[in-house]
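# Structural description and commentary
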Amino acid sequence: MLFPTPVGVAESLIQMERDGRLWTGLGRSMLRLGKGYALSIVLGVPLGIWVARVPFLERAVKPVVLGLQALPSVCWLPLAILWFGLTEASILFVVVMGSLLAIAIATEDAVRRIEPLLLREAGTLGVRGLRLYAGVLLPGALPGILTGLKLGWSFAWRALMAAELIVVSGGLGQLLHYGRELLDVAQVVAVMFSIVAVGVTVDRVLFRAIETRVWRRWGLSETR
Amino acid sequence: MATLLPTRLWARLVPRWTLEPSRSKPGEAKIAVREVEHRYENKVEALRNISLDVHSGEFVCLLGPSGCGKSTLLLALAGALPPTCGRITIDGKPVKGPDPSRLLMFQDPALFPWMTVRQNLVFALRSKVRSRPRREETAARYVKRVHLDGFEGALPHQLSGGMRMRASLARALSMDPSVLLMDEPFGALDAQTKGQMQQLLQQVWVETRKTVVFVTHDVREALVLGDRVVVMAARPGRILKDFEVRLPRPRDPDDEAIVQYSRQIREALRSAEAPKGHAKDASAVPASGLSAGAAHPVGTGG
């Protein structure tokens, strides 16, 4: 009974697909993820660039970021619940905390690895301020930032599931939770399967496509 | 092409060309270097008592073996490195920090890899030209000037080394700097491409008459390009000779005059290094000094 058959899992999956639980759950999870992930990018990329460019921030902020990165994202949940209660905001908070730091760290690293020659050239050409940030630093670090975004995506996805399991409010996490409550092992495995499927699909389809284009444009890939 | 014997005969029969020292010119110097000295933190004396005047529209080559401080001097002119003492003024104003009016070009074309040739030019021009159509127009004009038309949409990694260098040159020229500083820009190119770039640079220079300070360790290159060749020596970095090259342009590196001039300059360099008796002198400079085929570098690197 604790080991479902493949057929059982498939049946459970089809069942959930038929009554729409899978799609509503997936839809809700993806919406939250979308919001949280977008917020992480909007905050994490500039944070990473600033930390790389401002020596003071590097000394003050970088150790904190690196330290907090060691903290599993679920550990933010008790704090989130105390602050925001069992709400949507708590889940969002956990998702953001889960992926923002990874994105910021990867961005910082990528900015640091921009060829010094290009930065010097930007300097001699008189490129400063916003033009330097948007025109040189961001595109120069983009290949590295993409790696961070991929990492951030999987972290966000994990954090979301952890949060949804505890703050039960729709989403795939809830399906997982109910499967456990009902001792429905087939459902639990079926949901786990869906989670993996989503993760792989996004990585393979979305990120692969963006990465290929960027690497080709930047002249980093061997295939032309 | 020219075999050894005819060249030697030729040298005997034809009256010798001799380089003349530069004469001081009337009027305010565009670049004035006064008693500049520089010591690096590791106590190496890179420059000792350097004084140099460069007039507007002059093409000056700084020539010397590696370690003679020519690159240091160029960096100081660019404002990228404040010398330990002395004074450098450009157009009467002291040099403080880098400025787009004094563009520095290196061996590496340093094009932004994610931008096409056109975008590289347009991006640089944004700090100079306000209107977008005028930027595009200026970029197109300079792309054409370095014969890269048809490659505006190419990315740097899709171009050959020489084409990248041309794109870089176009970008530098399009910024219309009052002084162009070049640190062995063609040092990484193969001999043939290098020759083409030298011809192109001469042609562009004749058209634009920019003030250029060009660092090189290649004697022939200096003679082909420069109105003046400032010969420097190492340990400590100092100016040995300041020659004027009065030859019509475009010049060919195999011109008899240039071959003879380069022999003279190598002799000057050799005699400067001889008293210290460095072993590398013998190997770096062929004893006959009659190698008509290739321009011999005085040293390696810069």
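Scroll up a little and you will see the structure.
This structure is a prediction, so every number in the text was calculated from the model and none was measured. (Residues numbered from 1 in each chain as written. Chains lettered and ligands numbered in written order. Predicted model: local features only at pLDDT ≥ 70, side-chain atom pairs only at ≥ 80, totals over all residues. Heavy atoms only, no water.)

### As for the overall build of chain A
Check the secondary structure of chain A and you find nine helices and zero strands. Expressed along its principal axes, the backbone C-alpha trace of chain A runs to roughly 70 × 45 × 25 Å. Buried residues in chain A amount to 45% of all 224 residues. Long-range pairs, those at least 24 residues apart, make up 76% of the contacts in chain A between residues at least 6 apart in sequence. Summed over its atoms, the accessible surface of chain A is roughly 11,900 Å², and 70% of this surface lies on carbon and sulfur atoms. (Helix = DSSP H or I, 4+ residues; strand = E, 2+ residues; numbered from the N terminus. Buried < 20%, exposed > 50% of the residue type's maximum accessible area, 1.4 Å probe, protein only. Contact = heavy atoms within 4.5 Å. Areas by Shrake-Rupley, 256 points an atom, 1.4 Å probe, with all protein chains shown as cover.)

### Description of a nonpolar patch on the surface
Residues and elements named next belong to chain A. A contiguous nonpolar surface patch, about 440 Å² in accessible area, is contributed by Leu79, Leu82, Trp83 and Phe84. Position of Leu79 among the secondary structure elements: in helix 4 (residues 77-84). Owing to a relative accessible area of 31%, Leu79 belongs among the partly exposed residues under this scheme. (Patch = residues over 30% accessible without salt bridge, like charges linked within 9 Å, V, L, I, M, F, W, Y side chains within 5 Å. Salt bridge = Lys/Arg side-chain N within 4 Å of Asp/Glu carboxyl O.)

### Considering the sheet that holds strand 5 (residues 85-90) of chain B
All names here are of chain B. Read across the sheet, four strands follow the order 3-2-5-6 without closing on themselves; strand pairing throughout is antiparallel. Because the sheet does not close on itself, it has two edges, and the strands there are strand 3 (45-54) and strand 6 (93-94). As paired elements, strand 5 and strand 6 share two bridges and run antiparallel to each other. In the sheet register, Ile90 faces strand 6, and the bridge partner there is Lys93. (Pairing = 2+ DSSP bridges.)

### Quick notes on helix 3 (residues 55-69) of chain A
With 15 residues, helix 3 of chain A should reach 21 Å at 1.5 Å per residue; the first-to-last C-alpha distance of 20 Å fits that figure. Within helix 3 of chain A, the axis deviates most sharply at Val61(A), by approximately 40 degrees, and proline Pro63(A) lies no more than four positions further along. (Expected span 1.5 Å × (residues − 1). Bend = angle between axes of the 7 residues up to and from the residue.)

### Some points on the pairing of strand 10 (residues 228-233) of chain B
Residues and elements named next belong to chain B. The buried count for strand 10 comes to six of six residues, which makes it a mostly enclosed element. Every second residue of strand 10 is oriented toward a common face, with Arg228, Val230 and Met232 on one face and Val229, Val231 and Ala233 on the other, all of them buried. Where strand 4 (residues 59-63) meets strand 10, four bridges bridge the pair, whose relative direction is parallel. Across the sheet, Leu63 pairs through a bridge with Val231, a residue of strand 10. Bridge count for strand 10 against strand 11 (residues 238-244) is six bridges, and the pairing is antiparallel. Bridging across to strand 11, Val231 finds its partner in Lys241. Here strand 10 folds back onto strand 11 in antiparallel fashion, the turn holding four residues, of which Arg235 has a positive phi close to 50 degrees.

### What about the interface of chain B and chain A?
Between chain B and chain A, the residue contacts involve 22 residues of the former and 19 residues of the latter. For the pair chain B and chain A, the number of links is one salt bridge. The residue Glu121(A) makes a salt bridge to Arg171(B) at a minimum N-O spacing of 3.0 Å. The tally of links between chain B and chain A comes to eight residue pairs in polar contact (both at pLDDT 80 or more). Of all the secondary-structure elements, those providing two or more residues to the side of chain B that touches chain A are strand 7 (102-105) and helix 3 (117-125) of chain B. If you tally residues by element for the side of chain B that touches chain A, the top one is helix 3 of chain B, at three residues. Along the lines of polarity and charge, the residues of the side of chain B that touches chain A split into 14 nonpolar, four polar and four charged. (Polar contact = N/O pair within 3.5 Å; in protein donor to acceptor, adjacent residues only side chain to side chain. Nonpolar A, V, L, I, M, F, W, Y, C, P; charged D, E, K, R; others polar.)

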